[in-house]
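One letter stands for each residue in the lines below.
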Amino acid sequence: MELTLYRTVVAVGAAFAELFGVRPLHQLLKGIGDALGIAFSLLVCFGIIFIVGTAMTL
């Protein structure tokens, strides 16, 4: 849940940085957003593995 909020805040910050023409900050926030996207994907993947593993043991 927190990771999704962080991604949203970073995306809004990147949008404002692009709007105001602050290119280095926009690139930085875009990279951070990409890294948070990868972390979210890993979190979902491990969550599915946990659910499948639990179902197999029952």
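This section reports on the structure supplied with the text.

Conventions used here
- Residues numbered from 1 in each chain as written.
- Predicted model: local features only at pLDDT ≥ 70, side-chain atom pairs only at ≥ 80, totals over all residues.
- Heavy atoms only, no water.
- Helix = DSSP H or I, 4+ residues; strand = E, 2+ residues; numbered from the N terminus.
- Rg over C-alpha atoms; globule rule 2.2 N^0.38 Å.
- Buried < 20%, exposed > 50% of the residue type's maximum accessible area, 1.4 Å probe, protein only.
- Areas by Shrake-Rupley, 256 points an atom, 1.4 Å probe, with all protein chains shown as cover.
- Expected span 1.5 Å × (residues − 1).
- Arc of directions from axis to C-beta.
- Contact = heavy atoms within 4.5 Å.

## Observations regarding the overall build of the chain
Scanning the chain from terminus to terminus reveals two helices and zero strands. Computed over the C-alpha atoms, the radius of gyration of the chain is 16 Å, more than 25% above the 10 Å expected from 2.2 N^0.38 for a compact globule of 58 residues. For the chain, the spread of C-alpha atoms along the principal axes amounts to about 55 × 15 × 10 Å. For the chain, buried positions account for 14% of its 58 residues. Carbon and sulfur atoms make up 78% of the accessible area of the chain, which totals about 4,700 Å².

## Points about helix 2 (residues 23-57)
For helix 2, spanning 35 residues, the distance from its first C-alpha to its last is 51 Å, which sits close to the expected 51 Å at 1.5 Å a residue. Every buried residue of helix 2 is listed here: His26, Leu29, Leu36 and Gly37.

## Focus on helix 1 (residues 2-19)
With 18 residues, helix 1 extends 26 Å between its outermost C-alpha atoms, agreeing within 8% with the 26 Å of an ideal straight helix rising 1.5 Å per residue. Burial in helix 1 covers these residues: Leu3, Val10, Ala14 and Ala17. In an axial view of helix 1, the angular spread of the buried residues amounts to 60 degrees, which keeps them on one side of the axis. For helix 1, the exposed residues lying more than 90 degrees away from the buried face are Leu5, Val9 and Leu19. Close packing links the buried residues of helix 1 with helix 2. The positive-phi residue at the C-terminal boundary of helix 1 is glycine 21, with phi of around 80 degrees.

The values are spatial; any link to function lies outside them.
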